[in-house]
Amino acid sequence: MPEVTDGNGVGGRRTTPPTPAPTSKPKPTSRVRMPAAQRREQLIATGRQLFAERGFDATSIEEVAARAKVSKPVVYEHFGGKEGLYAVVVDREVRALLDRITTALTAGHPRELLEQAALALLGYIEEETSGFRVLVRESPLMSGTANFSSVMNDVAHQVEHILGAEFKSRGYDPKLAELYSQALVGMVALTGRWWLEVRKPRKETVAAHLVNLAWNGLSHLEAKPTLITARRR
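Rules used throughout
What you see as residue numbers is a count from 1 along each chain, following the sequence as written. In view of the model being predicted, local features appear only for residues whose pLDDT reaches at least 70, and side-chain atom pairs are presented and counted only at 80 or more, with totals across whole chains, interfaces and linings using the full set of residues. Only hydrogens and water are set aside when side-chain values are computed; all heavy atoms of the structure are taken into account. We count a stretch as a helix when DSSP gives it H or I for four or more residues in a row; a strand needs E for two or more, and each element gets its number in order from the N terminus. Three exposure classes are used, based on accessible area relative to the maximum for each residue type with a 1.4 Å probe and protein chains only: buried under 20%, partly exposed in between, and exposed over 50%. Whether two residues are in contact is decided by their heavy atoms, any of which lying within 4.5 Å being enough. Of the two site types, the cavity is a set of points on a 1 Å grid over the protein atoms alone where a 1.4 Å probe fits but cannot get out, and the pocket is an open set with protein on both sides within 12 Å along at least five of seven lines, each lined by residues with an atom within 4 Å of a point. Grid points are joined across faces, edges and corners, and a volume is the space filled by probe spheres set on the points. Whenever a helix is involved, its axis is fitted only over the stretch in contact; in every case the axis is a line through C-alpha atoms, and angles between N-to-C directions fall within 0 to 180 degrees. The scheme is simple: roughly parallel for angles under 35 degrees, roughly antiparallel for over 145, roughly perpendicular for 65 to 115, oblique for anything else. Note on residue categories: nonpolar means Ala, Val, Leu, Ile, Met, Phe, Trp, Tyr, Cys or Pro, charged means Asp, Glu, Lys or Arg, and polar means any other residue, Gly included. The definition of a nonpolar core used throughout is a set of buried Ala, Val, Leu, Ile, Met, Phe, Trp, Tyr and Cys residues joined through side-chain atoms within 4.5 Å. UniProt positions are given in the numbering used here, feature names are shortened, and annotations may be inferred rather than shown by experiment. In this analysis, rings of Phe, Tyr and Trp, with Trp reduced to its six-membered ring, are considered paired at centre separations within 6.5 Å, and the interplanar angle assigns stacked below 30 degrees, edge-to-face beyond 60, and tilted for intermediate values. Remark: a charge is flagged as sitting over a ring if the NZ atom of Lys or the CZ atom of Arg is within 6 Å of the ring centre and within 35 degrees of the ring normal.

Now for the overall build of the protein chain. Check the secondary structure of the protein chain and you find ten helices and zero strands. In the protein chain, which comprises 233 residues, the proportion classed as buried is 37%. Within the protein chain, contacts between residues separated by at least 24 positions form 64% of all contacts whose residues are at least 6 apart in sequence.

A separate point is empty space enclosed by the protein. Tallied over the entire structure, the rule returns four cavities of 30 Å³ or more. Within this model, the largest cavity holds a volume of roughly 160 Å³. Forming the walls of the largest cavity are 16 residues, and the residues nearest its centre are A117, A118, L184, V185 and V188. Of all the elements in the fold, those that place two or more residues in the lining of the largest cavity are α5 (110-127), α7 (148-170), α8 (177-198) and α9 (203-218). By residue number, the principal contributor to the lining of the largest cavity is α8, which donates five residues.

To continue, consider the packing of helix α1 (residues 36-58) against helix α3 (residues 72-79). Where α1 contacts α3, the axes come no closer than 11 Å and their chain directions differ by 100°. Taken together, α1 and α3 sit at an angle that is classed as roughly perpendicular. Here α1 contributes A36, R39, R40, L43 and I44 to the contact with α3, which in turn contributes V74, V75, H78 and F79. The class makeup of the residues in the contact of α1 with α3 is six nonpolar, one polar and two charged.

Before going further, it helps to examine the layout of surface pockets. Looking at the second largest pocket, its volume works out to about 160 Å³. What lines the second largest pocket is a set of eleven residues, and nearest its centre among them are F148, S149, M152, G186 and A189. Every element with two or more residues in the lining of the second largest pocket is listed here: α7 and α8. Per-element accounting of the lining of the second largest pocket gives the leading share, six residues, to α8. A class-by-class count of the residues in the lining of the second largest pocket yields five nonpolar, four polar and two charged.

Before going further, it helps to examine the environment of E115. Along the chain, E115 falls in helix α5. Along the primary structure E115 and E204 are separated by 89 residues, whereas in three dimensions their C-alpha atoms are 9.2 Å apart.

Quick look at the nonpolar core now. The biggest cluster of nonpolar side chains holds 62 residues, and the ones touching the most others in it are V75, L97, L121, F132, F148, M152 and L163. Apart from the residues within four sequence positions on either side, M152 is in contact with L97, I101, L121, V185 and A189.

Under the present numbering, the feature "DNA-binding region" (unreviewed entry) in UniProt falls on residues 60-79. Strand forms 0% of residues 60-79 and helix 80%; the C-alpha atoms that close the span are 13 Å apart.

Counted by the stated rule, this structure contains seven aromatic pairs. Relative to Y180, the ring of F167 has its centre 5.3 Å away and its plane inclined at 80°; by these criteria the two rings are edge-to-face. One end of the pair, F167, is in helix α7; the other, Y180, is in helix α8, and 13 residues separate them in sequence. An aromatic cluster of at least three residues, connected via ring pairs, comprises F51, F56 and Y86. Positioned over the ring face of F56 is K82, at 4.3 Å from the centre of the ring. Seen from the ring of W195, R199 lies directly overhead, with NZ or CZ sitting 5.4 Å from the centre.

The structure is reproduced here in structure tokens:
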């Protein structure tokens, strides 16, 4: 069969145009694969941040999944739902705060113990702000065994034992130690929630003033106090 020429080929032969190189399709971006334990920790950290920012009710599984760059089924697989994730986050914060306070209580003198407890709580607020915000929101879904109040109650019970011994040595009714321990711990806790927002003065100054009020008030306790208004009747 004769060669077909187009007038442009070399030697009268037809030139074949080069075959274009195949274009490569862009590879779809895939999510980063993590070991199950690492993924669980990532989801807990993500949930902690969102619960601190928005609270339990306003946070959705969709938001958790989107921020962690995973699909919703992954979150469900690890925690069963939003309630399960929230329970894990709260339980961790409860243990972290309680451990911090109980570890700090090393002094023997009651005034030093007050200082250590106040500084431990304020230090937690300063360093673990998101965790503290999660605790103080106290979702109604959580039982009384896993929230900020439960931590403060545990601390109050420890203070109660200390005050009970002090009251007995000073001739006060040791049965009143529970009342005073709740009052002292409540004062520190409410001040901590206030300081969470204002962040001034610095925590050492706040702790010093708390202890000043608590200690000087305790050092001048009346054995059997009565209300002034009641005395006028």
